[in-house]
Amino acid sequence: MDFSYYLNPQTPGPETDGTLLDEVLGQVDLAEKYGFTQVWLTEHHFTGYNVYSDPLILAAAISQRNPSMTIGFAVNVVPFLHPVRFATQINLLDQLTKGKLVAGIGPGNGPIEFTGFGVDVQKRHEVMTEFVNVLEQAWNSEQTGGFEYSGEYFQGKVAGRIIPSSVQKPMRVAVASATPERLEWIGSKGWSLLLGPQHPEILAARMSHYFEGMDKAGLTPEQRARAWANTSVLRQVYVAEDGEDWRETLSDVIDTYVRKSALANTGIDDLPKDAFETRKQGYLDG
């Protein structure tokens, strides 16, 4: 088992943004110093649930500051992106990291984020399916020197190649999802699966669909091992001093997290007291 470092720092307000960004980079420095081999970045906008918002730009900075670290995304939100531009950006990051990159993608679900980008949250899965089709065309076009794509959400013609080329062939991809059919699809692709902080029995059920997809696709042992290498489960850990009351130490931080995560995931800006306490207790109980 490998331990990676996941970055999703909340920001209480604009006066803390700069300080938190400095701390984020410093934390990656420490992670590298203490032997972590991977750092994972996420994408959230507008709500304060995440201070850096754009993981692609932050990844470029980390690639030059912490060259030993593999950088993964958990995840880039596909409906806010264009597949051809994304292929270009990922290829560039793959070159900057010398192939130490995992292109993590997902459909997203934050209502405030979708409204901000003018995208229909109800269409996110259809957009992602089409996005992946174009993205795979882009990655597979290096030898052919161009391709056309025409769908409901993306249309165009690339009359050349994606520049720069990628180091990895094929690119390592990871996907966050929860529905049985999509879990099977991820497994069939030989891609890694990103799982949230659910209870073990829920994780086991999702993994069974993922492995079923691998079985149906007839993946080789090598393909399975490649997919499994970056399959991850998110966990939040705080290491307390002996005798420390961690609930008191983290009280303000946890309050901020509960409010910002509720805002990001539900669009509710002002949680009623009972709803806040229920969410907070559920978080404290794991």
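Every chain is numbered independently, its residues counted from 1 as its sequence is written. Restriction of local features to residues with pLDDT of at least 70 applies here, the model being predicted, together with a cutoff of 80 or more for giving and counting side-chain atom pairs; totals for whole chains, interfaces and linings are based on all residues. In computing side-chain values, all of the structure's heavy atoms are included and hydrogens and water are not.

Asks: What am I meant to see in the overall build of the protein here?
Replies: Strands here mean DSSP runs of E at least two residues long; helices mean DSSP runs of H or I at least four residues long; both are numbered from the N terminus. A count of helices and strands for the protein gives eleven helices and ten strands. What the globule rule says is 2.2 Å times the number of residues to the power 0.38, and the radius of gyration is computed from C-alpha atoms. The C-alpha radius of gyration computed for the protein amounts to 20 Å, which stays within 12% of the reference 19 Å derived for 286 residues, consistent with globular compactness. Projecting the C-alpha coordinates of the protein onto the three principal axes gives extents of approximately 60 × 40 × 40 Å. Considering the protein as a whole, with its 286 residues, one finds that 44% of them fall into the buried category. Note on contacts: a residue pair is in contact if any heavy atoms of the two residues lie within 4.5 Å. Excluding contacts between residues fewer than 6 apart, the proportion of contacts in the protein whose partners are at least 24 apart in sequence is 69%. In the form shown here, the protein has an accessible surface area of approximately 15,000 Å², with 53% of it arising from carbon and sulfur atoms. In the protein, 24 side chains carry a positive charge and 36 a negative one; their mean positions are 7 Å apart. Only protein chains enter the area calculation, which uses a 1.4 Å probe; residues under 20% of their type maximum are buried, those over 50% are exposed, and those in between are partly exposed. Residue burial considers only the protein chains on display, and all accessible areas are found by Shrake-Rupley using a 1.4 Å probe. Residues scored as positive are Lys and Arg, those scored as negative are Asp and Glu, and His as well as the terminal groups of each chain are ignored. Think of each charge as sitting on NZ of Lys, CZ of Arg, CG of Asp or CD of Glu.

Asks: Can you help me understand the nonpolar core in this one?
Replies: Side chains of a nonpolar character, in soluble globular proteins, are inclined to be buried together. We call a set of buried residues a nonpolar core when its members are Ala, Val, Leu, Ile, Met, Phe, Trp, Tyr or Cys and they connect through side-chain atoms within 4.5 Å of each other. Judged by nonpolar contacts, the single largest core of 54 residues is most densely connected at Leu41, Phe73 and Ile90. Among the elements that line this core, the one with the most residues is helix H5 (residues 124-140), at eight residues. If near-sequence neighbours (up to four positions away) are discounted, Leu41 is found in contact with Leu7, Tyr52, Pro55, Leu58, Ala59, Ile62, Ile71, Gly72, Phe73, Ala74 and Val75.

Asks: Is there a simple way to think about helix H10 (residues 251-266) in this case?
Replies: The periodicity of an α-helix, 3.6 residues per turn, causes residues three or four positions apart to be oriented the same way. Here the expected span of a helix is defined as 1.5 Å times the quantity of residues minus one. Here H10 is 16 residues long and its end C-alpha atoms lie 22 Å apart, about the 22 Å a rise of 1.5 Å per residue gives. Ile254, Tyr257, Val258, Lys260, Ser261, Ala262, Leu263 and Ala264 are the residues of H10 that are buried.

Asks: Help me understand helix H11 (residues 273-284) in this model?
Replies: In a regular helix each residue adds 1.5 Å, so twelve residues correspond to 16 Å; H11 covers 16 Å between its end C-alpha atoms and thus fits that length. Looking at H11, one finds that the buried residues are Phe276, Lys280 and Leu284. For H11, the angular spread of the buried residues around the axis is 65°, confining them to a single face. Relative to its buried face, H11 has exposed residues pointing more than 90 degrees away, namely Asp274 and Thr278. Directly after H11, the chain includes Gly286, whose backbone phi takes a positive value near 85°. The directions from the helix axis to the C-beta atoms form the arc being described.

Asks: What am I meant to see in the packing of helix H2 (residues 55-65) against helix H3 (residues 83-96) here?
Replies: Packed helices, taken two at a time, are described by the angle their axes make and the gap between the axes. Orientation is described by lines fitted to C-alpha atoms, with helices fitted over the stretch in contact, and by angles between N-to-C directions that extend from 0 to 180 degrees. The N-to-C vectors of H2 and H3 enclose an angle of 15°; their axes lie 9 Å apart at closest approach. With respect to each other, H2 and H3 are oriented roughly parallel. The handedness of the crossing between H2 and H3 comes out as left-handed. Contact residues: Leu56, Ala59, Ala60, Ser63 and Gln64 in H2; Phe86, Gln89, Ile90, Leu93 and Leu96 in H3. Each residue gets one of three labels, nonpolar for Ala, Val, Leu, Ile, Met, Phe, Trp, Tyr, Cys and Pro, charged for Asp, Glu, Lys and Arg, and polar for the others, Gly among them. Among the residues making up the contact of H2 with H3, the classes are represented as seven nonpolar, three polar and no charged. Oblique is the label for any angle not under 35 degrees, not over 145, and not in the 65 to 115 range, which are roughly parallel, roughly antiparallel and roughly perpendicular in turn. The crossing is said to be left-handed when, going from far helix to near helix, the turn is anticlockwise and less than a right angle, and right-handed when the turn is clockwise.

Asks: What is the right way to look at the pairing of strand S9 (residues 192-195) in this model?
Replies: As a general feature of sheets, a regular strand has side chains that alternate between the two faces. Residue alternation in S9 divides its side chains into two sets, Ser192 and Leu194 and Leu193 and Leu195, and both sets are buried. Pairing between strands is defined by DSSP: at least two bridges between the two strands are required. In terms of strand pairing, strand S8 (residues 173-176) meets S9 through three bridges, oriented parallel. Note that in S9 the partner of Val175 across the bridge is Leu193. Here, the term right-handed applies to a crossover whose path from the first strand over the helix to the second runs clockwise when the strands point away from the viewer. With helix H6 (residues 180-189) bridging S8 and the parallel S9, this β-α-β connection has right-handed handedness. Pairing between S9 and strand S10 (residues 232-233): two bridges, direction parallel. Looking at the pairing, Leu194 lines up with Ser232 of S10.

Asks: What is the right way to read the environment of Phe114 from this model?
Replies: Tracing the chain through its elements places Phe114 in helix H4 (residues 111-117). Each C-alpha atom, one on Phe114 and one on Gly72, is 23 Å from the other, the two residues being 42 residues apart in sequence. Apart from residues lying up to four places away in sequence, Phe114 is in contact with Pro79, Phe80, Pro107, Gly108, Asn109, Val119, Asp120, Val121 and Arg124.

Asks: When you look at the pattern of salt bridges in this model, what are you seeing that I'm missing?
Replies: Side-chain pairs of opposite charge can arise where the charged atoms are in close proximity. We count a salt bridge whenever a side-chain nitrogen from Lys or Arg sits within 4 Å of a carboxyl oxygen from Asp or Glu. This structure, assessed with the given rule, holds eight salt bridges. Close ionic contact of Lys169 with Glu142 constitutes a salt bridge, the shortest N to O distance being 3.1 Å. On the criterion of sequence distance, the pair formed by Lys169 in the loop between strand S7 (155-158) and S8 and Glu142 in the loop between H5 and strand S6 (147-150) is long-range, its members being 27 residues apart. We classify Lys169 as exposed; its relative accessible area is 54%. Residue class for Glu142 comes out partly exposed when judged on its relative accessible area of 30%.

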